[in-house]
Amino acid sequence: MSAPATPSSSHPPTTVRLPALDALRAIGSVAVVAHHVGFHTGVSLNSQWGTWLARMDVGVAIFFVLSGFLLFRPWASSAAAGRPRPGVRRYFWRRALRILPAYWLTVSVCLIVLPQNRPASAGDWLRHLTFTQIYQPDQLRAGLGQTWSLATEVVFYLVLPLVAVLAVGRTWRPVRTLVIAAGGTLMTAGWLILMGFGVIDTAVHTMWLPSYAAWFCGGMVLAVAHVALQTGTGPAALRVLDDLAAAPVACWSAAAGLLAIATTPIAGPLDLAEPTAAEFAVKLTLYLAVGILIMIPVAFGERKTRVHQAFGSASARWLGLVSYGLFLWHPLVIEMIYLVGDRPLFTGDLLETFALTMAGGLAFAAASYYGIERPIQSLGDRRRSRPTTPRAGDRATAVNSPH
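Everything numeric in this text was worked out from a predicted model, so none of it was measured.

Colleague: So what about the overall build of the chain? Which residues, and what values?
Modeller: Along its length, the chain carries 17 helices and zero strands. When its C-alpha atoms are laid out on the principal axes, the chain stretches across 65 × 50 × 45 Å. Contacts in the chain between residues far apart in sequence, at least 24 positions, make up 79% of those at least 6 positions apart. As presented, the chain carries roughly 17,500 Å² of accessible surface, and 67% of it is formed by carbon and sulfur atoms. Of the charged side chains in the chain, 31 are positive and 19 negative, and the gap between their average positions amounts to 17 Å.

If you want it as structure tokens, here you go:
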């Protein structure tokens, strides 16, 4: 067992906000929009370069890696600084305020407005309002297909405090925490083995948390490395992440190369056909590497580079702020475009449909953020505020939300 590490006082605080990460949420959301538009227009299935659109669901990997990084980092930074752990009730309260109001509104509108969903049964309402729509086959309703990933992420939110306590322990030992966090990938490996033997079904269980535990763990490993580098408590080998961050073009070129491999049949079918366990494993691995390579130049290294300035610009940060709404509302916009235009599925101009979807999605997203998300979060913060100074660990949970 490694000896407890002592933080260096010469390093900056580990809870400092990383504004450049806001843009990663926007990138993930836009990628998901492109994926869905490519499918609806049929371009993903009927053109050679459309295979790239089919693999834009890599945006989900970006979301999950980012969530693992941002939500695990407060536990790691609190341990490294010798502060109390983040308050669990406070953590759950903030997660609920961030996720539920806009999500519940989206579910309500889609189930009421879209004719494909009428009449929505009590089961439809119950499953979607409680994030349980992924635990039975064919339960995702029109305009809500993207919510499978949110249902998976919510399970990660629920188990994270326990995982964080077990991984971090009582004293800061970054190497031990790195090993434990990385060990979560064994859950995904075991899940894939069960798929390979036919014990579990690829039609349903590919949406459950164990399939994507490796993605979240990838973000958690990066979080531990980030804290260790900032506090000077980690092994020298971790400095390779700062070195990689200094070469963003190389990182992103490597990510593009891996994504190119994912566009081939080795990563499974491009349509809704079920992949084999081996194909699914290849896709998960490639997407994990892509998500990590995209994130490293933004999260690590010097914070005054052109990359950080571009990703931390006002426009990029605004897109990050409303990205959750874009993720939630854009499928409804696509459905409305096809209903109003009386378009058959797998038809329509790609660029026109993408532009309309982005415009409508951002309009809904802005209304959602300024009308619902921000007011409710502010109201919740005021109600939870206390006359005494909050614990440092609680303040840390507010630094950069993944949504």
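Let's pick the thread back up.
Colleague: Can you explain the packing of helix 10 (residues 209-231) against helix 13 (residues 277-299)? Please cite residues and give values.
Modeller: Running from amino to carboxyl end, helix 10 crosses helix 13 at an angle of 25°, the nearest separation of the two axes being 10 Å. As the angle between them shows, helix 10 and helix 13 are arranged roughly parallel. Relative to helix 13, helix 10 is oriented so that their crossing is right-handed. Contacts from S211, Y212, A214, W215, G218, L222 and H226 in helix 10 reach F280, L284, Y287, L288, I292, M295, I296 and A299 in helix 13. Grouping the amino acids of the contact of helix 10 with helix 13 by side-chain chemistry returns twelve nonpolar, three polar and no charged.

Colleague: Lay out the pattern of salt bridges with the relevant residues and their values.
Modeller: Going through the model one piece at a time under the given rule, you end up with seven salt bridges. D22 is paired through a salt bridge with R25; the nearest N and O atoms lie 3.2 Å apart. Here D22 and its partner R25 are both found in helix 1 (residues 22-41), three residues apart, which amounts to about one turn of the helix. When its relative accessible area of 1% is taken as the criterion, D22 is described as buried. Taking the shortest distance from any N to any O, the salt bridge between K283 and D57 comes out at 2.9 Å.

Colleague: Account for the nonpolar core, naming residues and giving values.
Modeller: By size, the foremost hydrophobic cluster in this structure holds 112 residues, and its most contacted members are L21, F69, F72, W215, M295 and F300. Counting residues per element, this core draws most heavily on helix 4 (residues 58-81), at 16 residues.

Colleague: An account of the packing of helix 1 against helix 15 (residues 314-340) is needed here, citing residue identities and associated values.
Modeller: Packing of helix 1 against helix 15 brings their axes to within 6 Å, and their N-to-C directions diverge by 15°. Here helix 1 is positioned roughly parallel relative to helix 15, judged by the angle of their axes. Crossing geometry of helix 1 relative to helix 15 is assigned as left-handed. Two secondary-structure elements touch here, helix 1 through D22, A23, R25, A26, S29, V30, V32, V33, H36, V37, H40 and T41 and helix 15 through A316, R317, L319, G320, L321, S323, L326, F327, H330, I334, E335 and Y338. Split by residue class, the contact of helix 1 with helix 15 holds 13 nonpolar, seven polar and four charged.

Colleague: Account for the side chain of D124, naming residues and giving values.
Modeller: Tracing the backbone through its elements, the reader meets D124 in helix 6 (residues 122-129). You can call D124 buried: its relative accessible area is 5%. Each residue touching D124, except ones within four places of it in the same chain, is listed here: L111, Q139 and R141.

Colleague: Tell me about a nonpolar patch on the surface, residues and numbers included.
Modeller: Taken together, the side chains of V88, F92, L158, V159 and V163 make up a nonpolar region of the molecular surface, amounting to roughly 370 Å² of accessible area. Taken together, the elements giving at least two residues each to the nonpolar patch come down to helix 5 (88-113) and helix 7 (147-168). Looking at which element gives the most residues to the nonpolar patch, the answer is helix 7, with three residues. Residue position: F92 is located in helix 5. Among the residues examined, F92 registers a relative accessible area of 31% and is labelled partly exposed.

Colleague: Describe the environment of T177, listing the residues and the values that go with them.
Modeller: The topology assignment puts T177 in helix 8 (residues 174-183). Relative accessible area serves as the criterion here: at 0%, T177 is assigned to the buried category. Through-space distance from the C-alpha of T177 to that of T152 is 24 Å; in sequence the pair is 25 residues apart. Excluding residues that lie within four positions of it along the chain, T177 makes contacts with F72, A167, V168, W172 and V224.

Colleague: Give me the lowdown on unusual backbone geometry, citing residues and values where you can.
Modeller: Leaving glycine out, the prevailing phi sign among residues is negative, and the prevailing peptide bond configuration is trans. The omega torsion across R118 and P119 is -5°, close enough to zero to call that bond cis. Along the chain, the position of P119 falls in the loop between helix 5 and helix 6. Positive phi values are uncommon outside glycine, yet D138 reaches one of about 60°. One can find D138 in the loop between helix 6 and helix 7. For D138, a relative accessible area of 70% corresponds to the exposed category. Despite not being glycine, D342 has its phi angle at roughly 50°, a positive value. Within the secondary structure, D342 sits in the loop between helix 15 and helix 16 (350-384).

Procedures and definitions
- Residue numbers run consecutively from 1 along every chain, following the written order of its sequence.
- pLDDT decides what is reported in this predicted model: residues at 70 or higher carry local features, side-chain atom pairs at 80 or more are listed and counted, and totals for whole chains, interfaces and linings draw on all residues regardless.
- The side-chain numbers reported here are obtained from all heavy atoms of the structure, hydrogens and water having been left aside.
- Counting from the N terminus, the helices are DSSP H or I runs at least four residues long and the strands are E runs at least two residues long.
- In what follows, residue pairs with any heavy atoms lying within 4.5 Å of each other are defined as contacts.
- We get accessible surface area from the Shrake-Rupley algorithm with a probe of 1.4 Å; when it comes to residues, only the shown protein chains can shield them.
- When charges are counted, neither His nor the chain ends are considered; positive counts come from Lys and Arg and negative counts from Asp and Glu.
- Charge positions come from single atoms, namely NZ of Lys, CZ of Arg, CG of Asp or CD of Glu.
- For helices, the axis comes from a line fit to the C-alpha atoms of the stretch in contact; other axes are also lines fit to C-alpha atoms, and the angle between any two N-to-C directions lies between 0 and 180 degrees.
- Roughly parallel covers angles under 35 degrees, roughly antiparallel covers those over 145, roughly perpendicular covers 65 to 115, and oblique covers all other angles.
- Whether a crossing is left-handed or right-handed is set by the direction in which the near helix is turned from the far one by less than a right angle, anticlockwise for left-handed and clockwise for right-handed.
- Here the term charged refers only to Asp, Glu, Lys and Arg, the term nonpolar to Ala, Val, Leu, Ile, Met, Phe, Trp, Tyr, Cys and Pro, and the term polar to all other amino acids, Gly among them.
- For salt bridges, the criterion is a side-chain nitrogen of Lys or Arg within 4 Å of an Asp or Glu carboxyl oxygen.
- Relative accessible area decides the class of each residue, using a 1.4 Å probe on protein chains only: under 20% of the type maximum gives buried, over 50% gives exposed, and in between gives partly exposed.
- The definition of a nonpolar core used throughout is a set of buried Ala, Val, Leu, Ile, Met, Phe, Trp, Tyr and Cys residues joined through side-chain atoms within 4.5 Å.
- Any residue with relative accessible area above 30% and no salt bridge may belong to a patch, with like charges joined within 9 Å and the nonpolar Val, Leu, Ile, Met, Phe, Trp and Tyr side chains within 5 Å.

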